[in-house]
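If you want the building blocks of each chain, they are given just below.
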Amino acid sequence: MDLVKEKIAKTQNAPVILLFGGSPERRHQVVNLISEVGDVTIHGALSEEEGIQFLKELTKVDLVLIGGAYSHEQRTRIREYLGYHNPSSKLTEPGIQYKYSNENIKKDIKHKLGLS
């Protein structure tokens, strides 16, 4: 089975989500989970460096999800980068901002992106 690392929305102006993940298997699971919230584009990175590279290359990122595998120091660097380079991007941090669960992840993403 090929592991999913991204999903592209059907509509051009759909929200774009960047996932900072830790393992190919969990990235696959979370990309599929997030795709349940609606028509969104999802890019999954496996490291802080890869995620920052996505932020540099993408023309828009509406929401960034930082997964549970990231250290406090990595989270701080990612937040600082977003604040300086992508201040309009929303941030969701399962396990930090709210209790970690698949349902809570979907709920927070829907809320922050204004999806019903």
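Residues numbered from 1 in each chain as written. Predicted model: local features only at pLDDT ≥ 70, side-chain atom pairs only at ≥ 80, totals over all residues. Heavy atoms only, no water.

Student: What am I meant to see in the packing of helix 1 (residues 24-34) against helix 4 (residues 102-113) here?
Tutor: Helix packing for two helices is described by the angle between their axes and how far apart those axes are. At a minimum axis separation of 10 Å, helix 1 and helix 4 run at an interaxial angle of 50 degrees. By the angle between their directions, the pair helix 1 and helix 4 is classed as oblique. With respect to the hand of their crossing, helix 1 and helix 4 are arranged in right-handed fashion. Contacts from Arg26, Leu33 and Ile34 of helix 1 reach helix 4 at Asn102, Ile105, Lys106 and Ile109. Taken together, the residues that form the contact of helix 1 with helix 4 break down as four nonpolar, one polar and two charged. (Axes fitted to C-alpha atoms, helices over the stretch in contact; angles between N-to-C directions. Helix = DSSP H or I, 4+ residues; strand = E, 2+ residues; numbered from the N terminus. Parallel < 35°, antiparallel > 145°, perpendicular 65-115°, else oblique. Left-handed = near helix turned anticlockwise from the far one by under 90°. Contact = heavy atoms within 4.5 Å. Nonpolar A, V, L, I, M, F, W, Y, C, P; charged D, E, K, R; others polar.)

Student: Honestly, the environment of Tyr100 in this entry has me stumped. Any pointers?
Tutor: Among the secondary structure elements, Tyr100 is positioned in the loop between strand 5 (90-92) and helix 4. Given the relative accessible area of 37%, Tyr100 is considered partly exposed. Between the C-alpha atom of Tyr100 and that of Gly68, which follows or precedes it by 32 residues, the distance is 8.5 Å. Those residues in contact with Tyr100 that lie beyond four places of it in its chain are Arg26, Pro94, Gly95 and Ile105. Looking at Tyr100, its side chain comes within polar contact range of the side chain of Arg26, at 2.9 Å. (Buried < 20%, exposed > 50% of the residue type's maximum accessible area, 1.4 Å probe, protein only. Polar contact = N/O pair within 3.5 Å; in protein donor to acceptor, adjacent residues only side chain to side chain.)

Student: Help me understand the packing of aromatic side chains, please; the structure alone is not making it clear to me.
Tutor: The description of two aromatic rings rests on the distance between their centres and on the angle between their planes. Evaluation of the coordinates by the stated rule reveals one aromatic pair. Centre to centre, the rings of Phe20 and Tyr70 are 5.9 Å apart; their planes meet at 85 degrees, and the pair counts as edge-to-face. Here Phe20, found in strand 2 (residues 16-20), pairs with Tyr70, found in the loop between strand 4 (63-66) and helix 3 (72-85); they are 50 residues apart in sequence, far enough to count as distant. For Phe20, a relative accessible area of 0% translates into the label buried. (Phe/Tyr/Trp six-rings, centres within 6.5 Å; stacked < 30°, edge-to-face > 60°.)

Student: What should I look at first to understand the environment of Pro15 in this one?
Tutor: By the secondary structure assignment, Pro15 is in the loop between strand 1 (6-7) and strand 2. Along the sequence, Pro15 and Lys112 sit 97 residues apart, while their C-alpha atoms lie 11 Å from each other. Beyond its immediate chain neighbours, meaning those up to four positions away, Pro15 contacts Asp39, Val40, Thr41, Lys60, Asp62 and Leu113.

Student: What am I meant to see in the pairing of strand 4 here?
Tutor: If a strand is regular, its side chains alternate between the two faces of the sheet. Across the two faces of strand 4 the burial is the same, with Leu63 and Leu65 and Val64 and Ile66 all buried. Relative to strand 4, strand 2 runs parallel, the two being bridged by four bridges. Bridge assignment links Phe20 to a residue of strand 4, and that residue is Ile66. With three bridges joining them, strand 4 and strand 5 adopt parallel strand pairing. Counterpart to Leu63 in the pairing with strand 5 is Lys90. You can see the chain leave strand 4, run along helix 3 and come back into strand 5, and the turn it takes is right-handed. (Pairing = 2+ DSSP bridges. Right-handed = clockwise from strand over helix to strand, strands pointing away.)

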